[in-house]
Amino acid sequence: MNYRSTRNSALKVTSAHAITKGLSDEGGLYVPESIPQLSKDEILAMCDMSYADRAFEVFSRLLTDFTPDEIRHCVNSAYNDKNFDSDNIAELAKLIPGTYVLELWHGPTCAFKDMALQILPYLLTTSAKKTVDGKQIAILVATSGDTGKAALEGFKDVDGTSISVFYPEDGVSQMQKRQMTTQEGKNVNVCAVKGNFDDCQNGVKAIFTDKTIADRLAKNNILLSSANSINWGRLAPQIVYYVSTYAELLKNKEIEFGEKINIVVPTGNFGNILAAYYAKLMGIPVNKLICASNSNNVLTDFINTGVYDRNRKFYTTVSPSMDILISSNLERLLYHLSGENDAVINEWFGKLKTEGRYEISADVKAKIDDLFWAGCCNDDETKAEIKSTFESYNYLLDTHTAVAAKVYEDYKKATGDQTKTVIASTANPYKFSGAVYEAVGGTVSGDEWQNIAELEVKTGTKMPAPLAATKDKAIRFTGTVEKQKMPEVVCKFLNS
Ligand SMILES: *Cc1c(COP(=O)(O)O)cnc(C)c1O
C-alpha cells in the first residue's frame, strides 16, 4: 500500500519514504492511498492480545513495506513496562457505566504524545535504513512544552539518531522546563531561546531550508528530520490506541461487537482526533467524533459553519497544548472527504496562507456534519469541570481532558445521545498542577513543589514517578541563545 500527497495525488511513495520525509516537497501531507479494513474476527482476536500485539496488527496493515520482524522490533522497543507504568500501556477508567476515560499518559513524560513518540524513533530509523541507508538522523524540534520532552525521551540513546530541542525561554511551565533541562542521554541537546514559540519554530524552519547547513551536515553523513505531528509516523501509532480501546471494551464486556461508541478528543493540531477518524475508517464502529477546543475555538467554528478563519484573537489558556490557531492535520481529513481532490486542497490551503481563511464546499460540510460534533469552553468552565468531576466521581482530570469532559456534557445536553463514550485523556493532572490545584479549591503559591504536595493531600492522588524524579535530577542544559544563534547551536552539537 502506498501513500499519496494531499497536494499532489499523482505522487505515490512507500510508508518508509513518507515517514523519513515527514512533509512532501510541494507542502502536502502523506495519506494512505486506501484504507485497510479490520474484519470482525480480526478485531475479536485482539481482545486477548497485549497492546504491543494489537499495535503489530495495525502497523502490519498500514506499513506494508516493513517486514514483520521490523514491525515487531518497533512495537516491542516502544510498548513495554520499562517505558510505561502500566502493563496495558493505555488504561481505560470507567467514570460511570457507559462513560470511559482513556488514559494516554502512562508513558515517560506523562502526556499522550509518548504514545507516538516512544515508537517514532524506531519507525524512523527503520524507514531511513530503507530510503537513505547509512545516514545519521538529526531531529530538530521547536516546542511549547509537551512535544519537546516526549521527543527527547523517545530519541534518547536510540542508535543512529540525535535530537536538538529549542524552547522559548519564558514560554513553558516550570515543570516542563525542568523535565527538559534535566534530560538524560548521550545524543540529546536542549536550548532555551530568547523569544516566543514562533521564534523557535521559525528558527527551526530556517535551519531546515538552509542549503549551506544541509551541505555541512551531509559531509558528516547527517540528515535533518522532524518529529512534529504532521509526520505519518506520529499519526499511525495514535490509530492503534483507538482500535485497542474498542478491543478492550469488548474484552471487558462493556460493549457488544458492532456497538458504536462516541470518541471525545481535546484538540489542538487535529492529530489525535484524526487518528480516531482513521480507526473508524478501518472498521471500528464509531458514532460521533466529538471535537473539543478551549477558547482558541477555531475548530468549533469550522465544524459548525464550514468556514475556517484564523483571523482572531489568540488566547493563552490553562490548557496550553491546545493553544493553536492552525490545525495542520485537518488537511488530511479534508483530502479524504473531498474525494482525494488535490486541486481543492491546494485552493483552500493556499487561501489559508494568503487570507487566513477558507470555506469548504457544501458536500464536504455535509460529511463533516455526519461525522463530527464540536464544542469549546473557557478557562473558568474548564476549572469548574475539574472540580465537579472530582467531587462527583473522585477522579482528577488535567486541564486538557477537562475541556473534553465539559464539551461532552454539552453534547449530551444538546443531543440527548446515550451512546457509550470514550473521552481521550491527554495528560496526567500533575503536569498542570497549579491550575488543577486551583480548580479543586486550593490556593496556589509560587512554589510548585508545595502546590504539588498540597494537591496530593487534598485529592488523595499521587504525582507520577517520572515527574517526581525531576526534583533531584541535575540540570544539564542551562544555555539560552538569541534566535539568530540557533544554527550555530545545531552545527556545534553535531560537530559540523
Ligand atoms: C498535544 C496535546 C493536545 C492536542 O493534541 P492534537 O493532536 O494536537 O490535537 C491535547 N492535550 C495535550 C496534553 C497535548 O499535549
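Quick caveat: nothing in here was measured; it's all calculated off a predicted structure.

A. Representation of the packing of aromatic side chains within the structure. Per the counting criterion, the structure on display carries 15 aromatic pairs. A ring pair is formed by Tyr-277 and Tyr-278, whose centres lie 6.0 Å apart and whose planes are at 50°; its orientation type is tilted. Of the two residues, Tyr-277 and Tyr-278, both sit in the buried class. A ring pair is formed by Trp-373 and Tyr-411, whose centres lie 5.2 Å apart and whose planes are at 75°; its orientation type is edge-to-face.

B. Quick look at the site of the ligand. In the vicinity of the ligand, 15 residues are found, and the nearest of them are Lys-113, Asp-146, Gly-268, Asn-269 and Thr-426. In this structure, Lys-113 approaches the ligand through a side-chain N or O atom, which is 2.5 Å from an oxygen atom. Here the ligand has 390 Å² of accessible area as a free molecule, and 96% of this is covered by the chains. Broken down by class, the residue content of the shell around the ligand amounts to 5 nonpolar, 8 polar and 2 charged.

C. View of the sheet that holds strand S1 (residues 3-5). Spatially, the 3 strands line up as an open sheet ordered S2-S1-S3, and their pairing is antiparallel. Both edges of this open sheet fall to strand S2 (8-13) and strand S3 (30-32), since each of them pairs with a single strand only. Along the sheet, successive strands turn relative to each other by an average axial angle of 40°, direction set aside. In this sheet, S3 lies alongside S1 in antiparallel orientation, the contact comprising 3 bridges.

D. Spotlight on helix H14 (residues 330-337). The element H14 is largely enclosed, with a buried count of 8 among its 8 residues. Along H14, the positions that sit buried rather than exposed are Leu-330, Glu-331, Arg-332, Leu-333, Leu-334, Tyr-335, His-336 and Leu-337. A positive backbone phi angle near 75° is found at Gly-339, which sits one or two residues after H14.

E. Examining the pairing of strand S5 (residues 99-103) more closely. Burial of S5 is extensive: 5 of the 5 residues sit out of reach of the surface. Here 5 bridges tie S5 to strand S15 (residues 421-425), and the two strands are oriented parallel to one another. Opposite Leu-102, over in S15, you have Ala-424 as the bridge partner.

F. The environment of Thr-419, seen in detail. Here Thr-419 shows up in the loop between helix H18 (399-415) and S15. Taking the relative accessible area as the measure of exposure, Thr-419 reaches 19% and is therefore buried. As for Thr-419 and Glu-359, which are separated by 60 residues in sequence, their C-alpha atoms are 31 Å apart. Setting aside residues no more than four positions away along its own chain, Thr-419 makes contact with Lys-260, Ile-261, Asn-262, Asn-287 and Tyr-408. Among the polar contacts made by the side chain of Thr-419, one reaches the side chain of Asn-287 at a distance of 3.4 Å. In terms of polar contacts, Thr-419 uses its side chain to reach the side chain of Asp-417, at 2.6 Å.

G. Seen up close, the sheet that holds strand S4 (residues 91-96). Read across the sheet, 6 strands follow the order S4-S5-S15-S10-S11-S14 without closing on themselves; strand pairing throughout is mixed. Each of the sheet's edge strands pairs with one partner strand only, and the pair in question is S4 and strand S14 (372-376). Sheet twist, expressed as the average angle between the axes of neighbouring strands with direction ignored, equals 25°. Two strands pair when backbone bridges link them, and strand S10 (residues 261-266) and strand S11 (residues 286-293) are joined in this way by 5 bridges, in the parallel orientation. Counterpart to Val-264 in the pairing with S11 is Ile-290. Sitting on the sheet, helix H12 (residues 271-281) touches S10, S11, S14 and S15, and the angle it makes with S11 is about 175°.

H. Broad picture of the pattern of salt bridges. With the rule as written, the count across this model stands at 28 salt bridges. With its nearest N and O atoms 3.5 Å apart, the salt bridge here joins Lys-186 to Asp-157. Taken together, the residues span a long stretch of sequence, with Lys-186 in the loop between helix H8 (174-181) and strand S8 (188-194) and Asp-157 in the loop between helix H7 (146-155) and strand S7 (161-168) at a distance of 29 residues. Taking relative accessible area as the criterion, Lys-186 reaches 74% and is therefore assigned exposed. By relative accessible area, which is 39% here, Asp-157 ends up partly exposed. Salt bridges sharing partners connect three or more residues here, namely Arg-4, Lys-12 and Glu-33.

The rules behind the values
- Residues numbered from 1 in each chain as written.
- Predicted model: local features only at pLDDT ≥ 70, side-chain atom pairs only at ≥ 80, totals over all residues.
- Heavy atoms only, no water.
- Phe/Tyr/Trp six-rings, centres within 6.5 Å; stacked < 30°, edge-to-face > 60°.
- Buried < 20%, exposed > 50% of the residue type's maximum accessible area, 1.4 Å probe, protein only.
- Near = heavy atom within 4 Å.
- Polar contact = N/O pair within 3.5 Å; in protein donor to acceptor, adjacent residues only side chain to side chain.
- Areas by Shrake-Rupley, 256 points an atom, 1.4 Å probe, with all protein chains shown as cover.
- Nonpolar A, V, L, I, M, F, W, Y, C, P; charged D, E, K, R; others polar.
- Pairing = 2+ DSSP bridges.
- Helix = DSSP H or I, 4+ residues; strand = E, 2+ residues; numbered from the N terminus.
- Axes fitted to C-alpha atoms, helices over the stretch in contact; angles between N-to-C directions.
- Contact = heavy atoms within 4.5 Å.
- Salt bridge = Lys/Arg side-chain N within 4 Å of Asp/Glu carboxyl O.

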